Amino acid sequence: MIHINADIGEIPRHIAVIMDGNGRWAKKRGWVRTRGHRTGADVVRAITTESAALGIERLTLYAFSSENWSRPEREVRFLMGLLTEYLDGELPTLQDNNIRMEAIGRLDRLPEQARALLDRNREATAGNTAMTLSLALSYGGRDEIVDACRALAQRVAAGELDPSEIDAAALDAHLYAPGSPDVDLVVRTAGEQRLSNFLPWEAVYAEYVSVAPLWPEFTVADFHAALGEYQSRDRRFGRVIEP
Ligand code: FPP
């Protein structure tokens, strides 16, 4: 059995999850793909509350990528409806668990109702302190870096910033969630081993753990196992660690 060491310092500050395999989970059972997404939303709740209970500072979930817009229109519509339903119903769980909700991505592309609920949840949970749940929605890592570069260029053009002042910290300050800790651990379900345009700037030193379960069947025990794997890694950040 994998043991989680819950000592401070052992629990990653920032975990990012690529929730993969919803469609395959449904297909295996002879069901429509959307049923996998619906069950996947229940798993989102379980992993979010467990993360807050473990003392994780920030959990970023890849809920909808910039590439996902090119899925069949029916599936996109279903996912947006599911997102709206989730945002509508999730507030009591967030408040009960002292979780703050945020979102990253090109949010202006989301349907108006989802955006309004996102704003409502963001405002209502702004004072919560146990954990920040960041939903990556209409998110692309390259888009994020492009948007940050554009914002920096605009500041240069306005005479507010000299190009010589542009460094990693300046770019970081123009990302979608400025000031958030770097990603320590990326977990991807369904046995896939790709980053798929997820947090390329923030996850440069992240440990990557790929797990076999499909997202709708991913359990809290599987999550603990991924954390155990993380804790067994030797993180060096390019340095030599003396024994
Ligand atoms: C990948 O499965 C998952 C997604 C594209 C979206 C993630 C969405 C959820 C977990 C449900 C809703 C989330 C919220 C926050 C309400 P896939 O469809 O790519 O699976 P496949 O690779 O097996 O086809």
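A. Local environment of the overall build of the chain. Within the chain one finds eight helices and six strands. Starting at the N terminus and ending at the C terminus, the chain contains elements arranged as β-α-α-β-α-α-β-α-β-α-α-β-β-α. For 243 residues, the compact-globule formula gives about 18 Å, and the C-alpha radius of gyration of the chain, at 18 Å, lands near that figure. Dimensions of the chain, computed from C-alpha atoms along their principal axes, come out at roughly 60 × 55 × 35 Å. Relative to its 243 residues, the chain shows a buried fraction of 47%. The long-range fraction of contacts in the chain, counting pairs at least 24 apart against all pairs at least 6 apart in sequence, stands at 76%. About 12,500 Å² of surface is accessible on the chain, with carbon and sulfur atoms providing 51% of the total. Each charge class in the chain can be summarised by its mean position, and for the 28 positive and 36 negative side chains these summaries are 8 Å apart.

B. Representation of the site of the ligand within the structure. As a matter of local geometry, the ligand sits amid 15 residues, with Met19, Gly23, Arg24, Arg33 and Arg71 nearest to it. Asparagine 22 has a polar backbone atom sitting 3.1 Å from an oxygen atom of the ligand. Take arginine 71: an N or O atom from its side chain is 2.8 Å from an oxygen atom of the ligand. Coverage of the ligand by the protein chains reaches 91% of its 620 Å² of free accessible surface. Of all the secondary structure elements, the ones that give two or more residues to the shell around the ligand are helix H1 (22-28), helix H2 (33-54) and helix H3 (73-89). Residues of the shell around the ligand, tallied by class, amount to six nonpolar, five polar and four charged.

C. Main features of H2. In a regular helix each residue adds 1.5 Å, so 22 residues correspond to 32 Å; H2 covers 32 Å between its end C-alpha atoms and thus fits that length. Among the residues of H2, those classed as buried are Gly36, His37, Gly40, Ala41, Val43, Val44, Ile47, Thr48, Glu50, Ser51 and Ala52.

D. View of the packing of H2 against helix H8 (residues 220-231). At a minimum axis separation of 10 Å, H2 and H8 run at an interaxial angle of 50°. Between H2 and H8, the crossing angle belongs to the class labelled oblique. Seen along the crossing, H2 lies across H8 with a hand that is right-handed. For the pair H2 and H8, the contacting residues are Ala46, Ile47, Glu50, Ser51 and Leu54 in the first and Val220, Phe223, His224 and Leu227 in the second. For the contact of H2 with H8, the class distribution of residues is six nonpolar, two polar and one charged.

E. A look at a nonpolar patch on the surface. Judged by side-chain polarity, Val204, Tyr205 and Phe237 come together as a nonpolar surface patch covering roughly 300 Å² of accessible area. Within the secondary structure, phenylalanine 237 sits in the segment after H8.

F. Region of interest: the environment of leucine 61. The residue leucine 61 is located in strand E2 (residues 58-65) in this model. Judged by relative accessible area, which is 2%, leucine 61 ranks as buried. For the pair leucine 61 and glycine 179, spaced 118 residues apart in sequence, the C-alpha to C-alpha distance is 18 Å. Leaving out residues up to four positions away in the same chain, leucine 61 has contacts with Val17, Met19, Val44, Thr48, Leu133, Ser134, Leu135, Ala136 and Phe198.

G. Main features of the sheet that holds strand E4 (residues 131-139). Spatially, the six strands line up as an open sheet ordered E3-E4-E2-E1-E5-E6, and their pairing is parallel. Edge positions in the sheet fall to strand E3 (99-104) and strand E6 (207-210), since each has one partner strand and no second. Sheet twist, expressed as the mean angle between neighbouring strand axes with direction ignored, is 20°. Inspection of the sheet shows E3 paired to E4 by six bridges, in the parallel sense. Looking across to E4, one finds that isoleucine 104 is bridged to alanine 136.

Conventions used here
Residues numbered from 1 in each chain as written. Predicted model: local features only at pLDDT ≥ 70, side-chain atom pairs only at ≥ 80, totals over all residues. Heavy atoms only, no water. Helix = DSSP H or I, 4+ residues; strand = E, 2+ residues; numbered from the N terminus. Rg over C-alpha atoms; globule rule 2.2 N^0.38 Å. Buried < 20%, exposed > 50% of the residue type's maximum accessible area, 1.4 Å probe, protein only. Contact = heavy atoms within 4.5 Å. Areas by Shrake-Rupley, 256 points an atom, 1.4 Å probe, with all protein chains shown as cover. Lys, Arg positive; Asp, Glu negative; His and termini not counted. Charge placed at Lys NZ, Arg CZ, Asp CG, Glu CD. Near = heavy atom within 4 Å. Polar contact = N/O pair within 3.5 Å; in protein donor to acceptor, adjacent residues only side chain to side chain. Nonpolar A, V, L, I, M, F, W, Y, C, P; charged D, E, K, R; others polar. Expected span 1.5 Å × (residues − 1). Axes fitted to C-alpha atoms, helices over the stretch in contact; angles between N-to-C directions. Parallel < 35°, antiparallel > 145°, perpendicular 65-115°, else oblique. Left-handed = near helix turned anticlockwise from the far one by under 90°. Patch = residues over 30% accessible without salt bridge, like charges linked within 9 Å, V, L, I, M, F, W, Y side chains within 5 Å. Salt bridge = Lys/Arg side-chain N within 4 Å of Asp/Glu carboxyl O. Pairing = 2+ DSSP bridges.

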